[in-house]
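Examination of the molecular architecture
Each chain is listed here by its residues.
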Amino acid sequence: MTCQFVAYKMVAVKLSGGGLAIFSPVALTEDVKAKIAEMGGDIRYIVAPDIEHHIFISEWATAFPDAKIVGPEGLPEKREKQTGSDPKIGNEKFSVVFKKEGKRDIRIGDEFDADFEYEYMDGHANKEIAFFYKPDRVLIQADIIFNLPCIEQYSRVPEAEKQPGGILARTFEGVQSPGGDPKWIRRFQWYIACKDKESFTDSVKRMDQWDFVTMIPCHGETVEGTGKELYRKVFDWNLTGKH
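Residues numbered from 1 in each chain as written. Predicted model: local features only at pLDDT ≥ 70, side-chain atom pairs only at ≥ 80, totals over all residues. Heavy atoms only, no water.

Thoughts on the pattern of salt bridges
Under the definition given, this model contains 16 salt bridges. The salt bridge partner of D86 is K88, with a shortest N-O separation of 3.5 Å. Between E119 and R104 there is a salt bridge, with its nearest N and O atoms 2.7 Å apart. Of the two residues, E119 sits in strand β7 (residues 116-121) while R104 sits in the loop between β6 (96-98) and α4 (110-115), which places them 15 residues apart along the sequence. Here the residues in one salt-bridge network are K103, R104, E119, D122, D202 and R206, joined through shared partners. (Salt bridge = Lys/Arg side-chain N within 4 Å of Asp/Glu carboxyl O. Helix = DSSP H or I, 4+ residues; strand = E, 2+ residues; numbered from the N terminus.)

Structure below.
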């Protein structure tokens, strides 16, 4: 596989050109370093796929100073405000910042673009950037679709250390679980996640044209083989205009 997990829902992809791209960077632990070394160790792109998944950018940028940092508009400013109050966040310069105006003219780099298509969902509350990894037909996304509960993510946590979720956590998990009746997750997408319905729906329809079969969310289980079906189930209102 050229598209792999490294630790907590970070995705590392070995590009056809040999370099590595990471999405939603996690803490750069010794285990993570070892995995990256197994994949060749040549980090060329550090991607924050929305305004939330960025906390560990600084330590990756320090370890791999030649890597391009990619993220959505608003994130550089958000990080600048947090510099000083959060020791994990530095003032690294972003090489590519996705903006609503001319968003589909923004390119990340020739090596990256050879393997990926991408869409900036400026209409999403979290300013999401979705990535279609063409060689393995994989949709990589952060908070566009959750696939709860998070079984794999907590599989290494000892049972004694797992904390039972309260009513709010259980309610959120139910809303963000697309496995059953989809009405609640559709309502969440339509009324909460979507801040600009026209732009949001345009992005949903464009991503629906991608030929992905697997979907890797940042939260919850990877969907192998039926990623497109799940995507269409969640976004039926946007795709059909009926709800």
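Describing the nonpolar core
Grouped together as the largest cluster of nonpolar side chains are 22 residues, with contacts concentrated most on F23, F98, I108, F112, F116 and F131. By size, the runner-up hydrophobic cluster in this structure holds 21 residues, among which are L20, V26, A67 and L75. (Core = buried A, V, L, I, M, F, W, Y, C linked by side-chain atoms within 4.5 Å. Buried < 20%, exposed > 50% of the residue type's maximum accessible area, 1.4 Å probe, protein only.)

Some points on the packing of helix α7 (residues 197-208) against helix α8 (residues 227-234)
For the pair α7 and α8, the least separation of the axes is 11 Å and the interaxial angle reads 160 degrees. Accordingly, the angle class assigned to the pair α7 and α8 is roughly antiparallel. The chirality of how α7 crosses α8 is left-handed. Residue-level contacts link S203, V204, M207 and D208 of α7 to K228, Y231 and R232 of α8. Broken down by class, the residue content of the contact of α7 with α8 amounts to three nonpolar, one polar and three charged. (Axes fitted to C-alpha atoms, helices over the stretch in contact; angles between N-to-C directions. Parallel < 35°, antiparallel > 145°, perpendicular 65-115°, else oblique. Left-handed = near helix turned anticlockwise from the far one by under 90°. Contact = heavy atoms within 4.5 Å. Nonpolar A, V, L, I, M, F, W, Y, C, P; charged D, E, K, R; others polar.)

As for the environment of T214
Looking at the secondary structure, you find T214 in strand β10 (residues 214-216). Taking the relative accessible area as the measure of exposure, T214 reaches 14% and is therefore buried. Expressed as a C-alpha distance, the spacing of T214 and E224, which sit ten residues apart in the sequence, is 4.5 Å. Aside from chain neighbours lying at most four places away, what touches T214 is R137, V138, L139, T222, V223, E224, G225 and G227.

Re the sheet that holds strand β8 (residues 128-133)
Across the sheet, which stays open at both edges, the four strands sit in the order β7-β8-β9-β10 with mixed pairing between neighbours. Whereas interior strands pair on both sides, the edge strands pair on one side only; in this sheet they are β7 and β10. For this sheet, the mean inter-axis angle between neighbouring strands, taken without regard to orientation, is 20 degrees. Across the sheet, α7 lies against β7 and β8, angled at about 165 degrees from β7, the strand it touches most. (Pairing = 2+ DSSP bridges.)

Quick look at the environment of Q82
Within the secondary structure, Q82 is located in helix α3 (residues 75-82). For Q82, a relative accessible area of 24% puts it in the partly exposed group. When neighbours within four sequence positions are excluded, Q82 is seen to be in contact with H54 and I89.

Points about empty space enclosed by the protein
Applying the stated criterion across every chain yields a total of two cavities of 30 Å³ or more. Considering the residues around the largest cavity, the lining is formed by F98, K103, R104, I106, R107, Y118, E119, Y120 and R206. The leading source of residues in the lining of the largest cavity is β7, at three residues. When its residues are assigned to classes, the lining of the largest cavity shows four nonpolar, no polar and five charged. Around the second largest cavity sit K9, V11, F23, S24, P49, I140, Q141 and C218, which together line it. (1 Å grid on protein atoms, 1.4 Å probe; cavity = no way out; pocket = protein on both sides within 12 Å on 5 of 7 lines; lining within 4 Å. Points joined across faces, edges and corners; volume = space filled by probe spheres on them.)

Let's talk about the packing of aromatic side chains
In this structure the tally under the stated criterion is 18 aromatic pairs. For the pair F98 and Y118, a centre-to-centre distance of 5.6 Å together with 85 degrees between the ring planes defines the contact as edge-to-face. Taken together, the positions of F98 in strand β6 and Y118 in strand β7 put the pair 20 residues apart, joining distant regions of the chain. In this structure, F98 and Y118 share a single accessibility class: buried. A centroid spacing of 5.9 Å and a plane angle of 80 degrees characterise the contact between F112 and F131, whose relative ring orientation is edge-to-face. Taken as a pair, F112 in helix α4 and F131 in strand β8 lie far apart in primary sequence, 19 residues in all. Residue classification places F131 among the buried positions, given a relative accessible area of 0%. Here the aromatic residues F23, Y45, F98, F112, F116, Y118, Y120, F131 and Y133 are joined through ring pairs into a cluster of three or more. For R187, the ring lying beneath its charged end belongs to W184, and the centroid distance is 4.6 Å. (Phe/Tyr/Trp six-rings, centres within 6.5 Å; stacked < 30°, edge-to-face > 60°. Lys NZ or Arg CZ within 6 Å of the ring centre and 35° of its normal.)

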